[in-house]
Amino acid sequence: ESWIEKLQPLLKPDASLYVCCDWKSGMVIGRVLEDYFSVRNRITWQREKGRGALNNWKNCLEDIWFFTKSRNYKFNLDAVKVQRPVIAPYRDEAGRPKDWVDDGKGRYRLTAPSNVWTDISIPFWSMPENTPHPTQKPEKLIAKLILASSNAGDVVLDPFLGSGTTSVTAKKLGRHYIGIEREKEYAAIAEKRLEYADANRTIQGFENGVFKARNFA
């Protein structure tokens, strides 16, 4: 609440806010932030990797709370539709594909994304975007949030930047960015990643404006 009180007045009237957290802190975050913002949804991200325990279930999920400052906010649905394989395709009366395409490699359709995300893995060591940060978010995940809730040229703020994923992804997607990070090591990694983004704008698992099923490497 101490940083939310400072942040809220600085945001534009049509701003959106996403807060990543685990299941335990998520129960508190939802209650605190609804005093300052409108709660729109809670995304559950299956992150693939978690630390095992002898007397409990391994935690492989993270919550991502979606808030807005007002009722006037952006949500670009077409920008975040997911490409999924078609198992039992519909056809119209003439036998033509209905709401799906065949690209020669398989049958796919673009569908609206749900609030359960199972198509994004954490940045494993073999991925070019991997850093030493212990809670690094994948660029594909941040790309979904940025594309859904901003337009090209908008400003994306991350007050807890870590190793730079939010700013790097914003840069690749043509947004302005502000990142705040107090740990010098991670700030240095973020600066280097931003330099690399000048030459390489690819986002693993996001190709030609379409989110693929997985982002494994």
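Whatever comes next refers back to the structure up there.
Computed from a prediction, not measured in an experiment: that's the story for all the values here.

Reading guide: rules and limits
Residues numbered from 1 in each chain as written. Predicted model: local features only at pLDDT ≥ 70, side-chain atom pairs only at ≥ 80, totals over all residues. Heavy atoms only, no water. Helix = DSSP H or I, 4+ residues; strand = E, 2+ residues; numbered from the N terminus. Rg over C-alpha atoms; globule rule 2.2 N^0.38 Å. Buried < 20%, exposed > 50% of the residue type's maximum accessible area, 1.4 Å probe, protein only. Contact = heavy atoms within 4.5 Å. Areas by Shrake-Rupley, 256 points an atom, 1.4 Å probe, with all protein chains shown as cover. Polar contact = N/O pair within 3.5 Å; in protein donor to acceptor, adjacent residues only side chain to side chain. Patch = residues over 30% accessible without salt bridge, like charges linked within 9 Å, V, L, I, M, F, W, Y side chains within 5 Å. Salt bridge = Lys/Arg side-chain N within 4 Å of Asp/Glu carboxyl O. Disulfide = S-S within 2.5 Å. Pairing = 2+ DSSP bridges. Lys, Arg positive; Asp, Glu negative; His and termini not counted. Charge placed at Lys NZ, Arg CZ, Asp CG, Glu CD. Core = buried A, V, L, I, M, F, W, Y, C linked by side-chain atoms within 4.5 Å.

*Asks:* What am I meant to see in the overall build of the chain here?
*Replies:* Secondary structure assignment for the chain yields 5 helices and 11 strands. Whereas a compact globule of 217 residues would reach a radius of gyration of roughly 17 Å, the chain reaches 19 Å, a difference of no more than 12%. With the principal axes as the frame, the chain shows a C-alpha extent of 60 × 45 × 40 Å. Looking at the 217 residues of the chain, the share that counts as buried comes to 39%. Considering only intrachain contacts with a sequence separation of at least 6, the fraction spanning at least 24 residues in the chain is 66%. In the structure as shown, the chain presents an accessible area of about 13400 Å², 52% of it carried by carbon and sulfur atoms.

*Asks:* Which parts of the structure should I look at to understand the environment of asparagine 130?
*Replies:* Assignment of secondary structure puts asparagine 130 in the loop between β7 (116–117) and α3 (139–149). A sequence separation of 33 residues divides asparagine 130 from serine 163, and the C-alpha atoms of the two residues are 9.5 Å apart. Apart from the residues within four sequence positions on either side, asparagine 130 is in contact with Pro123, Phe124, Trp125 and Gln136. A distance of 2.7 Å separates a polar side-chain atom of asparagine 130 from the backbone oxygen of proline 123.

*Asks:* Quick question: what am I supposed to make of a nonpolar patch on the surface here?
*Replies:* Side chains of Val155, Leu157, Ile178 and Ile180 sit close together on the surface and give an oily, nonpolar patch of about 330 Å² of accessible area. Under the relative-accessibility criterion, isoleucine 180 is labelled partly exposed at 48%.

*Asks:* Quick question: what am I supposed to make of the state of the cysteines here?
*Replies:* Each disulfide consists of one covalent bond between the sulfur atoms belonging to two cysteines. Evaluation of the coordinates by the stated rule reveals 0 disulfides. Left without a disulfide partner, cysteine 20 is nearest to the cysteine sulfur of cysteine 21, which lies 7.5 Å away. Overall, the relative accessible area of 7% leaves cysteine 21 in the buried class.

*Asks:* Explain the pairing of strand β6 (residues 107–111) to me, please; I cannot follow it from the model alone.
*Replies:* Every regular strand shows the same layout, with side chains that alternate between the two sheet faces. Inspection of the sheet shows strand β4 (residues 82–85) paired to β6 by 4 bridges, in the antiparallel sense. Following the sheet pairing, arginine 84 is matched in β6 by arginine 109. Summarising the sheet, strand β5 (residues 101–102) and β6 pair through 2 bridges and their orientation is antiparallel. Its bridge partner lying in β6, aspartate 102 is registered against arginine 107. Adjacent in sequence and paired antiparallel, β5 and β6 are bridged by 4 residues, among which glycine 104 carries a positive phi angle near 90 degrees.

*Asks:* Can you help me understand a negative patch on the surface in this one?
*Replies:* Taken together, the side chains of Glu1, Glu5, Glu34 and Asp35 present a region of like negative charge at the surface. Checked against the element boundaries, glutamate 1 lands in the segment before α1 (2–7).

*Asks:* Would you take a moment to explain the nonpolar core for this structure?
*Replies:* Nonpolar side chains in soluble globular proteins tend to be buried together. Of all hydrophobic cores here, the largest spans 22 residues; its most connected members are Tyr18, Trp45, Ile64, Trp117, Leu141, Leu145 and Leu173. No other element matches the 7 residues that α3 contributes to this core. Sequence-distant contacts of isoleucine 64, that is, excluding residues within four places in its chain, are made with Tyr18, Val19, Cys20, Asn41, Arg42, Ile43, Trp45, Trp117, Leu141 and Leu145. Counting residues in each nonpolar core, the second largest holds 12 residues, with Ile4, Leu11, Val19 and Ile29 among its members.

*Asks:* Sorry if this is basic, but what is going on with unusual backbone geometry here?
*Replies:* Among all residues except glycine, the phi angle is most often negative; among peptide bonds, the trans geometry is most common. Phi at asparagine 208 takes a positive value of approximately 55 degrees, unusual for a residue other than glycine. Structurally, the position occupied by asparagine 208 is in the loop between β10 (206–207) and β11 (210–211).

Without other data, these values stay purely geometric and don't point to any function.
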